[in-house]
Amino acid sequence: MRVIIESFTRPDIERMKAAVSRLADPLKGAQEGASDDVTINLRCYGGCPGQRVDFRASIPSRGEAEVTHVDELRDVDERFAAAVRPEELAALARHLDVETLMGLPPNKDEGYVPDSLIGSVVITAGNARITLWFPLEDEDPPKGENATMRIERGQVPFVLRASMAPPSVRPALAQLAAVVNRLTGHRSPGAG
């Protein structure tokens, strides 16, 4: 997993931590007042020309999530907005440990084969942004290995093997998959 951390100052990261904390505990957040918005963007894309897929889900801490899905091979081009339940946002935020994400090795040399299926998760709050890049597959892992994240969209799923994600981020990715799959009308087994 490749990790990119962008922030202008240490206080930006502290504000990100505070914003995620407030999102995890809505009652506490209401008492403490307004905070930076947190946005989590998931993107799954790749494929050869004429067969490309591009799935995006943008989940803000305020407002509706926006989902787009383009699949050239199956002639799919859909866009919609849907409400995210407050309890889903709180559960997702409880799994997001900003300090842990900041401590992940950057793996700057990790690259991906052209046209391969790639996933990214971008967490933004104020001026701070943490991006996770990872390889995806279009089928379930072999027997004996688990999937950390399985996005059900169309005929082909987007699957992140557990072995490709550090154990510390697996719960957050599983919860993100559960939220996205609920938004798109599918259930993600084992997340909650």
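Residues numbered from 1 in each chain as written. Predicted model: local features only at pLDDT ≥ 70, side-chain atom pairs only at ≥ 80, totals over all residues. Heavy atoms only, no water.

1. Some words on the packing of helix 3 (residues 86–95) against helix 5 (residues 170–184)
One can describe the packing of helix 3 onto helix 5 by two numbers: an axis separation of 8 Å at closest approach and a directional angle of 160°. Here helix 5 runs roughly antiparallel to helix 3, going by the angle between their axes. Considering how the two elements wind past one another, helix 3 and helix 5 form a crossing that is left-handed. On helix 5, the residues that touch Glu88, Ala91, Leu92 and His95 of helix 3 are Pro171, Ala172, Gln175, Leu176, Val179 and Arg182. Looking at the contact of helix 3 with helix 5 residue by residue, the classes come out as six nonpolar, two polar and two charged. (Axes fitted to C-alpha atoms, helices over the stretch in contact; angles between N-to-C directions. Helix = DSSP H or I, 4+ residues; strand = E, 2+ residues; numbered from the N terminus. Parallel < 35°, antiparallel > 145°, perpendicular 65-115°, else oblique. Left-handed = near helix turned anticlockwise from the far one by under 90°. Contact = heavy atoms within 4.5 Å. Nonpolar A, V, L, I, M, F, W, Y, C, P; charged D, E, K, R; others polar.)

2. Focus: the sheet that holds strand 3 (residues 53–60)
The sheet built from seven strands is open, its strands ordered 1-7-6-2-3-4-5 with antiparallel pairing. A single partner strand is all that each edge strand has here, and the edge strands are strand 1 (2–6) and strand 5 (76–82). Strand-to-strand, the axes of this sheet are offset by a mean angle of 10°, without reference to chain direction. Pairing of strand 1 with strand 7 (residues 128–135), which is carried by five bridges, proceeds in the antiparallel orientation. Note that in strand 7 the partner of Ile5 across the bridge is Ile130. (Pairing = 2+ DSSP bridges.)

3. Description of the nonpolar core
Among the nonpolar cores identified, the biggest contains 49 residues, and Leu42, Phe55 and Met149 are the most heavily contacted of them. Broken down by element, the residue count for this core peaks at seven residues, all from helix 5. Sequence-distant contacts of Phe55, that is, excluding residues within four places in its chain, are made with Leu42, Arg43, Cys44, Val67, Thr68, His69, Ile151, Arg153, Phe158, Val180 and Thr184. (Core = buried A, V, L, I, M, F, W, Y, C linked by side-chain atoms within 4.5 Å. Buried < 20%, exposed > 50% of the residue type's maximum accessible area, 1.4 Å probe, protein only.)

4. Details of the environment of Leu92
Mapped onto the secondary structure, Leu92 falls in helix 3. Overall, Leu92 belongs to the buried group, its relative accessible area being 3%. Sequence-wise, Leu92 and Ile40 are 52 residues apart; in three dimensions their C-alpha atoms are separated by 9.7 Å.

5. Some thoughts on the pattern of salt bridges
Tallying each qualifying case throughout the model produces 17 salt bridges. Across the pair Arg10 and Glu14 runs a salt bridge, and its minimum N-O distance is 3.3 Å. In this pair, Arg10 and Glu14 both sit in helix 1 (residues 10–24), four residues apart, roughly one turn of the helix. The class of Arg10 is partly exposed, set by a relative accessible area of 43%. The partly exposed category is assigned to Glu14, whose relative accessible area is 37%. (Salt bridge = Lys/Arg side-chain N within 4 Å of Asp/Glu carboxyl O.)

6. Looking at the side chain of Thr184
By secondary structure assignment, the location of Thr184 is in helix 5. Each residue touching Thr184, except ones within four places of it in the same chain, is listed here: Phe55, Val67, Phe80, Glu152 and Arg153.

7. Focus: the environment of Ser21
For Ser21, the position within the fold is in helix 1. With 77 residues separating them along the chain, Ser21 and Val98 place their C-alpha atoms 9.5 Å apart.

8. Some thoughts on unusual backbone geometry
The phi dihedral of Asp75 falls on the positive side, at around 55°, and the residue is not glycine. Residue placement: Asp75 occurs in the loop between strand 4 (65–71) and strand 5. Positive phi, normally seen in glycine, also occurs at Asn107, with a value near 50°. Mapped onto the elements, Asn107 comes out in the loop between helix 4 (98–103) and strand 6 (118–125).

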